[in-house]
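Survey of secondary and tertiary structure
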Amino acid sequence: MNAYVPILVLGALGALFTVGSVVAAAIIGPKRYNRAKLDAYECGIEPTPQPSGGGRFPVKYYLTAMLFIIFDIEIVFLYPWAVEFDSLGMFGLVQMLVFVGLIGVAYAYDWRRGGLEWD
């Protein structure tokens, strides 16, 4: 149990600093509210009213998210494979070629749908 004491102390100090910072900011921070500060921040663009059921998002948002997930999954599997490449042998090489081929299919689909076009 003695090996975990430094980790627990560091976690407690981190939590104490986090809670203390939030409380201190709420107590001593300026309280000058105006309409601009209370509005939702939209990257400097004035927010536009949305329909009651919410607005429709262009497909480009989903294609960008899909592209991120494709490359994220690829890196998550490629890094451990590269570390253990010598011990996996030919089996590991074939399996990774199949995996990269499947990732290539998803990449080609995203490319065909215009996910890489930045208008």
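Here, residues in each chain are numbered from 1, in the same order as that chain's written sequence. A pLDDT threshold of at least 70 governs which residues receive local features in this predicted model, and a stricter bar of 80 or more applies before side-chain atom pairs are shown or counted, although totals over entire chains, interfaces and linings include all residues. Excluded from the side-chain calculation are hydrogens and water; included are all heavy atoms of the structure.

Moving on: the overall build of the protein chain. Strands here mean DSSP runs of E at least two residues long; helices mean DSSP runs of H or I at least four residues long; both are numbered from the N terminus. Counting secondary structure elements, the protein chain contains four helices and zero strands. Overall, the protein chain shows an N-to-C arrangement of helices and strands of α-α-α-α. Each of the 119 residues in the protein chain was classed as buried or not, and the buried ones make up 10%. Intrachain contacts of the protein chain at a sequence separation of at least 6 include 62% that bridge at least 24 residues. Note on classification: 1.4 Å probe, protein chains only; a residue is buried when its accessible area is under 20% of the maximum for its type, exposed when over 50%, partly exposed between these limits. Should any heavy atoms of two residues lie within 4.5 Å, those residues are considered in contact.

With that settled, consider the side chain of Asp110. Here Asp110 is to be found in helix α4 (residues 85-112). The side chain of Asp110 sits in the buried core without any salt bridge; Arg113 is the nearest counter-charge, 7.8 Å away. Once residues within four sequence positions are removed from consideration, Asp110 is found in contact with Leu63, Met66, Leu67, Gly115 and Leu116. Counting rule for charge: Lys and Arg are taken as positive, Asp and Glu as negative, and neither His nor the chain ends is counted. Between Lys or Arg on one side and Asp or Glu on the other, a salt bridge is scored when a side-chain nitrogen of the former is within 4 Å of a carboxyl oxygen of the latter.

Let us look at α4. Think of an α-helix as 3.6 residues a turn; residues three or four steps apart then line up on the same face. Under the convention used throughout, the expected extent of a helix is 1.5 Å for every residue step, that is, one less than its residue count. With 28 residues, α4 extends just 33 Å between its outermost C-alpha atoms, more than 12% less than the 40 Å of an ideal straight helix rising 1.5 Å per residue. Phe91 marks where α4 bends most, by close to 75°. Taken together, the buried positions of α4 are Gly92, Met96, Phe99, Ile103 and Asp110. Directly beyond the C-terminal end of α4, a positive phi value near 90° is found at Gly114. Bend at a residue means the angle formed by two fitted axes: the first through the 7 residues ending at that position, the second through the 7 residues beginning there.

As a further point, take the UniProt feature "transmembrane region" (unreviewed entry) in the protein chain. UniProt positions are given in the numbering used here, feature names are shortened, and annotations may be inferred rather than shown by experiment. Those residues carrying the UniProt feature "transmembrane region" (unreviewed entry) are residues 6-28, 61-82 and 88-109 in this numbering. A helix fraction of 100% and a strand fraction of 0% characterise residues 61-82, whose end C-alpha atoms lie 32 Å from each other.

Quick look at the side chain of Glu74 now. Here Glu74 lies in helix α3 (residues 59-83). Lacking a salt bridge, the buried Glu74 has Arg112 as its closest oppositely charged neighbour, with an N-O distance of 19 Å. Sequence-distant contacts of Glu74, that is, excluding residues within four places in its chain, are made with Phe99 and Ile103.

What follows is about the packing of α3 against α4. Interaxial angles span 0 to 180 degrees and are taken between N-to-C directions of axes, which are lines fitted to C-alpha atoms, for helices over the stretch in contact. Across the interface, α3 lies against α4 with an axial gap of 10 Å and an inter-helix angle of 175°. In this view, α3 runs roughly antiparallel relative to α4, as classed from their interaxial angle. The segment α3 lies against α4, with Leu63, Met66, Leu67, Ile70, Phe71, Ile73, Glu74, Phe77, Leu78, Trp81, Ala82 and Val83 engaging Phe85, Leu88, Gly92, Leu93, Met96, Phe99, Ile103, Ala106, Tyr107, Tyr109 and Asp110. If an angle is under 35 degrees, it is roughly parallel; if it is over 145, roughly antiparallel; if it lies from 65 to 115, roughly perpendicular; otherwise it is oblique.

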